[in-house]
Amino acid sequence: MLISTSAGALLVFFFRKIGRLEYSALLAFAAGMMGYSAIEMLAQSHASGQDIVIVFGLALGIGTLILTDRLLPHVHKHALGEEIAEPRKKAILIVGTIALHNIPEGFAIAAAFAQSNTLGWFVTTSIALQDIPEGTLVSAPLTVYGMDKKESIGYGILSGGIEAAAALAGYVFLSAAAGLVPLALSFSA
């Protein structure tokens, strides 16, 4: 996770500019990998838990996403109205968003490993593959906003570190509460 996000962040050194087509392709690849992981986690949750636990976990996860979306500020609201003048504020907003996104990704990895090593490595590999373009998608806009490339890469690497920390903390928690693993898998999916 940390390594693949860092690798993606380092790609910023090789891009002069990331256009809309490249940005869309990176987003589509990342979304496809995450979607595939989510389906596999749901299948494993179903195999090891009761249907009500799976439905509850999935509903809880969806509800958490909706609530988070409503409570947190959005970049596009700033783009439609007032412009964020300071590049540092833009950086904080982007990095904060990715950091929040990486906490559940880390938890998904923890839940997958708590279920089985096979599922854990599958989910870790698919998330690591999508973390490469994600690292680029964190760092590239920061350079567009005028931030030094080295500093923007540092923020990209930091976002991967947050994911790794969330995976470790989640695994420790789920190791102590093994009965929650099916719920955690469906919640993460």
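Residues numbered from 1 in each chain as written. Predicted model: local features only at pLDDT ≥ 70, side-chain atom pairs only at ≥ 80, totals over all residues. Heavy atoms only, no water.

Trainee: What's the story with the nonpolar core in this structure? I'm lost.
Mentor: Taken as a class, soluble globular proteins show a tendency for nonpolar side chains to be buried jointly. Of all hydrophobic cores here, the largest spans 14 residues; its most connected members are Ile-109, Val-123 and Leu-185. Elements supplying a minimum of two residues to this core: helix H5 (87–115), helix H6 (117–144), helix H7 (149–176) and helix H8 (181–188). The element that contributes the greatest number of residues to this core is H5, accounting for five residues. Residues contacting Leu-185, with those up to four places away along its chain left out, are Met-41, Gln-44, Ser-45, Ala-111, Ala-112, Gln-115 and Leu-119. In this structure, Val-95, Val-138, Met-147 and Tyr-155 belong to the second largest nonpolar core, which totals seven residues. (Core = buried A, V, L, I, M, F, W, Y, C linked by side-chain atoms within 4.5 Å. Buried < 20%, exposed > 50% of the residue type's maximum accessible area, 1.4 Å probe, protein only. Helix = DSSP H or I, 4+ residues; strand = E, 2+ residues; numbered from the N terminus. Contact = heavy atoms within 4.5 Å.)

Trainee: What should I look at first to understand H7 in this one?
Mentor: For an α-helix, the turn length of 3.6 residues means that residues three or four places apart are oriented alike. Taking 1.5 Å per residue as the helical rise, H7 with its 28 residues ought to reach 40 Å, and the 42 Å between its terminal C-alpha atoms agrees with that figure. Its side-chain oxygen at 3.2 Å from the backbone nitrogen of Lys-150, Asp-148 defines the N-terminal cap of H7. (Expected span 1.5 Å × (residues − 1). Polar contact = N/O pair within 3.5 Å; in protein donor to acceptor, adjacent residues only side chain to side chain.)

Trainee: Got a minute to help me understand the packing of aromatic side chains in this structure?
Mentor: What characterises a pair of aromatic rings is the spacing of the ring centres plus the angle enclosed by the ring planes. As enumerated under the stated definition, the model contains three aromatic pairs in all. Ring geometry for Tyr-36 and Phe-122: centres 5.4 Å apart, planes at 65°, overall edge-to-face. With Tyr-36 in helix H2 (residues 20–48) and Phe-122 in helix H6, this pair connects stretches of sequence that are 86 residues apart. On the basis of an interplanar angle of 80° and a centroid distance of 6.4 Å, the ring pair of Phe-107 and Phe-187 is categorised as edge-to-face. With a gap of 80 residues between them, Phe-107 in helix H5 and Phe-187 in helix H8 connect regions that are remote in the sequence. Among the residues examined, Phe-107 registers a relative accessible area of 22% and is labelled partly exposed. For Phe-187, a relative accessible area of 27% translates into the label partly exposed. (Phe/Tyr/Trp six-rings, centres within 6.5 Å; stacked < 30°, edge-to-face > 60°.)

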